[in-house]
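# Commentary on secondary and tertiary structure
Chain by chain, the residues run as shown.
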Amino acid sequence: MIMANPILNDKFSEQERVIEGEPMTVNGTIQVTAFLGVLLVAAAAFVWSRHSLGYTDLASMLTFGGAIVGFVLALIIAFTKTKILVPVYAVSEGCCLGGISAMMEASYPGIVSQAVLGTFAALFSMLVLYRVNAIKCTDKFRSVIFIATLSIAVVYLIDFIGHFFNYSVPVLNSSSAMGIGISLVIVVIAALNLIIDFDVIERGARNMLPKDYEWYGAFGLMVTIVWLYLEILKLLAKVSNRR
């Protein structure tokens, strides 16, 4: 759920061209992404409302259930490219984000709106930088971002397993200056993954992949956006703790 994007890769954009029917388009992928966004926000709003009304047990169940289901579905979709599971993934992630956001907002009033604005600002900035070729998605760029993302995934995995043995990765969850610096670096890496997503989706459309690949492209983009939002939320929480 949190880690970004091994989903949209070079193999995705190098599939054979469509022979029959409509091909994948960038606009079509944007429309699918918007639809998935509506599902995610609706599910998040529902879980948030349950938390606000005092149904904390239900909200917690939906939050953790959404996280587990979303993670499992992400793996299945990544390997099978099953279109029908993509909306279910969006709803699952919405449940997870709604619960996490409600809990964070209760502890840090105003933090969610800041995180949402930060996510959209990063998304828009990366899109502009990609369009004007300020950041070119070269093979070297993809390799560096992939290695950085994989390294972050390994650190998070070690930290997650360590919690079962009363161990946590030093500084990773700290609100110290170094902890904030680490979160800032992770936010930047997550944002740069968007450049790769844009490039792969555009090349997929240029290669005229089948129409269903719009759902796969939108799914991959959503994985990155969800990760970026969570990392910005975490960064803002650390900054708030130092005030």
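From a predicted model like this one, the values you see are computed outputs, not experimental measurements. (Residues numbered from 1 in each chain as written. Predicted model: local features only at pLDDT ≥ 70, side-chain atom pairs only at ≥ 80, totals over all residues. Heavy atoms only, no water.)

Per the stated rule, a full pass over the model turns up six aromatic pairs. Considering the side-chain rings of F160 and F164, the 5.4 Å spacing of their centres and the 85° angle between planes classify their relative orientation as edge-to-face. Here F160 matches F164 in class, with each residue exposed. Between Y213 and Y216, the ring centres sit 6.3 Å apart and the planes meet at 85°, which makes this aromatic pair edge-to-face. Remark: Y216 and Y213 occur in helix 8 (residues 213–241); sequence separation between them is three residues, near one turn of the helix. Chaining the aromatic ring pairs together yields one cluster made of Y89, Y213, Y216 and F219. (Phe/Tyr/Trp six-rings, centres within 6.5 Å; stacked < 30°, edge-to-face > 60°. Buried < 20%, exposed > 50% of the residue type's maximum accessible area, 1.4 Å probe, protein only. Helix = DSSP H or I, 4+ residues; strand = E, 2+ residues; numbered from the N terminus.)

Before going further, it helps to spend a moment on the environment of L97. Here L97 shows up in helix 4 (residues 85–107). Between the C-alpha atoms of L97 and L230, which are 133 residues apart in sequence, the distance is 8.1 Å. Those residues in contact with L97 that lie beyond four places of it in its chain are L40, V226, Y229 and L230. (Contact = heavy atoms within 4.5 Å.)

These figures come from the coordinates and say nothing about function on their own.
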